[in-house]
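A closer look at the structure
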Amino acid sequence: MKKKITLKQIARELDVSISTVSKSLRNSLEIGEETRLKVQAFAKFYHYKPNNIALSLKNRKTKTIGLIIPEIVHYFFSTVINGIEQIANEKGYSVIICLSDDSFDKEVLNMEMLANGSIDGFIMSLSKETQQKGDFHHITEVINQGMPVVMFDRVTNDILCDKVIINDELSAYGAVQSLIDKGRKKIALVTTVDYVSVGKFRTDGYTKALRDNGLPFDENLIIKIENVDNCEVTIAKLLEDKAFDAVFAVNELFAVTIIKIAHKMGIKVPDDLAVIAFTDGIISKYSTPTITTVTQNGIEMGNTAAKILIDRLESEEHELEEEEEEIYKTVVIETHLIERESTN
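Just so we're clear, the structure is a prediction, and the values are computed from it rather than from any experiment.

This paragraph deals with the pairing of strand 9 (residues 274–278). Of all the 5 residues making up strand 9, 5 are buried; the element is thus mostly covered by neighbouring parts of the structure. What you see with strand 9 is no split at all: Ala274, Ile276 and Phe278 on one side and Val275 and Ala277 on the other are buried throughout. Bridging between strand 8 (residues 246–249) and strand 9 involves 4 bridges; their strand directions are parallel. Bridge pairing in strand 9 places Ala249 opposite Ala277. You can see the chain leave strand 8, run along helix 12 (residues 252–264) and come back into strand 9, and the turn it takes is right-handed. One ladder, built from 3 bridges, connects strand 9 with strand 10 (residues 292–295); its direction is parallel. Bridge pairing in strand 10 places Phe278 opposite Val294.

Written out as structure tokens, the structure is:
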């Protein structure tokens, strides 16, 4: 598929300002006829279709941010929302929150609805289906129309935009290493399917930690869960064998399910089975036993994403006059391990 041409690219090719291109496409008499016709002919040849709403955004700010998240169940996403709201409110912005429910179609519909002039820019974490399909056309289209996007947590390298992440692989490595340091030799992994980026990176960290410590890698000790609602049956089958002494779970919902089923089976946590998880949520703090977790610092992630987006929005006037390529940043938020009863 041919990449959609942008105002900035037209301006660069014709050696004129972005403002001149924008006015020429709207047939403004401020621009000489020769330049207008040249710009319009070039745009037509490359099938450029201006979005009139997007073109007017620089003159009509809504002071509203669109936030699209895959789900609200995980405590992590609620903390990110709080972090975004903190900064947005400080800067005089409102936040509209939409759930994709891990659906590609719903994510696309959410973006189309909000990009009609309701918001100035997006903060988003990709849905599971979007990552599975590898189809990001809706995001590319919004960016090409001049609307900034900041991705967090679940991101893709296929889109050039600002991103806020943690080092999932390194954080998982550290979690598994802590289990090994406590003398655990056979460590199981309960993770998501590979096309969910964070699950894949955390699996890579788990595998590397085993390898670096000379521990055997056993595929039978890894289960990849697609549907959280049906995870109990899969986890129960893993625990029936009891051929391991620790479990690393990629989220706290998996971890608390492991502990619940282990208790039913008479497996003592942490004596027989140590459990460690990602996400330091309410579940981890108040489960019995309490769960050792890798904290993802959702508040800081939300704060950072909001600051990056608002900085882009408020410097937009200056950027419109520049012709250099956009320089995007990827900010990595630090994680740390919180030791609790499930690994003592």
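The discussion continues.
It is worth spelling out the side chain of Thr20 at this point. Here Thr20 shows up in helix 2 (residues 18–25). Overall, the relative accessible area of 17% leaves Thr20 in the buried class.

Our focus in this paragraph is the environment of Val331. Tracing the sequence through the fold places Val331 in strand 11 (residues 330–333). Beyond its immediate chain neighbours, meaning those up to four positions away, Val331 contacts Lys163, Val164, Ile165, Thr304 and Ile308.

Moving on, we get to unusual backbone geometry. Val269 connects to Pro270 through a cis peptide bond whose omega is 10°. Within the element layout of this structure, Pro270 appears in the loop between helix 12 and strand 9. The omega torsion across Thr288 and Pro289 is -5°, close enough to zero to call that bond cis. Relative to the elements of secondary structure, Pro289 occurs in the loop between helix 13 (282–286) and strand 10. The backbone phi angle of Lys63 is positive, close to 55°, even though this residue is not glycine. Structurally, the position occupied by Lys63 is in the loop between helix 4 (52–56) and strand 1 (64–69). Residues other than glycine seldom take positive phi values, yet Asn297 does so here, at roughly 50°. Tracing the backbone through its elements, the reader meets Asn297 in the loop between strand 10 and helix 14 (298–314).

In this section: the nonpolar core. In this structure, Ile123, Phe152 and Leu273 are the most contacted members of the largest nonpolar core, which totals 70 residues. In contact with Leu273, not counting residues within four places along its chain, are Arg184, Leu239, Phe244, Asp245, Ala246, Val247, Ile258, Ala262, Ile267, Lys268 and Ser342. Core analysis: the next-biggest nonpolar cluster, separate from the first, contains 20 residues, Met124, Phe136, Met151 and Val155 among them.

The 6 strands are arranged 7-6-8-9-10-12 in an open sheet whose pairing can be described as mixed. The open sheet has two edge strands, strand 7 (222–225) and strand 12 (336–338), and neither has a second partner. Between one strand axis and the next, the sheet turns by 20° as a mean value, whatever way the strands run. Across 4 bridges, strand 6 (residues 187–192) lies against strand 7 in parallel orientation. Counterpart to Thr192 in the pairing with strand 7 is Ile225. Packing of helix 10 (residues 197–212) onto the sheet brings it into contact with strand 6, strand 7, strand 8 and strand 9, and relative to strand 6 it is tilted by some 165°. Seen against the sheet, helix 12 touches strand 6, strand 7, strand 8 and strand 9 and runs at an angle of roughly 160° to strand 9.

A few words now on the packing of helix 2 against helix 3 (residues 33–45). In the contact formed by helix 2 and helix 3, the axes pass within 9 Å of each other and the chain directions differ by 85°. Classified by the angle their axes make, helix 2 and helix 3 are roughly perpendicular. Two secondary-structure elements touch here, helix 2 through Thr20, Val21, Ser24 and Leu25 and helix 3 through Thr35, Arg36, Val39, Gln40 and Ala43. For the contact of helix 2 with helix 3, the per-class residue count stands at 4 nonpolar, 4 polar and 1 charged.

Under the 1.5 Å per step criterion, the end-to-end length of helix 3 is 18 Å for 13 residues, consistent within 8% with the ideal 18 Å. Here helix 3 has its buried residues at Arg36, Val39, Phe42 and Ala43. Along the axis of helix 3, the buried residues cluster in a sector spanning 135°; they form a single face. Facing away from the buried surface of helix 3 by more than 90 degrees, the exposed residues are Glu33, Glu34, Lys44 and Phe45. Lining the buried residues of helix 3 we find helix 1 (7–14) and helix 2. In the segment just after helix 3, His47 is the residue with positive phi, at about 55°.

Calculation notes
- Residues numbered from 1 in each chain as written.
- Predicted model: local features only at pLDDT ≥ 70, side-chain atom pairs only at ≥ 80, totals over all residues.
- Heavy atoms only, no water.
- Buried < 20%, exposed > 50% of the residue type's maximum accessible area, 1.4 Å probe, protein only.
- Helix = DSSP H or I, 4+ residues; strand = E, 2+ residues; numbered from the N terminus.
- Pairing = 2+ DSSP bridges.
- Right-handed = clockwise from strand over helix to strand, strands pointing away.
- Contact = heavy atoms within 4.5 Å.
- Core = buried A, V, L, I, M, F, W, Y, C linked by side-chain atoms within 4.5 Å.
- Axes fitted to C-alpha atoms, helices over the stretch in contact; angles between N-to-C directions.
- Parallel < 35°, antiparallel > 145°, perpendicular 65-115°, else oblique.
- Nonpolar A, V, L, I, M, F, W, Y, C, P; charged D, E, K, R; others polar.
- Expected span 1.5 Å × (residues − 1).
- Arc of directions from axis to C-beta.

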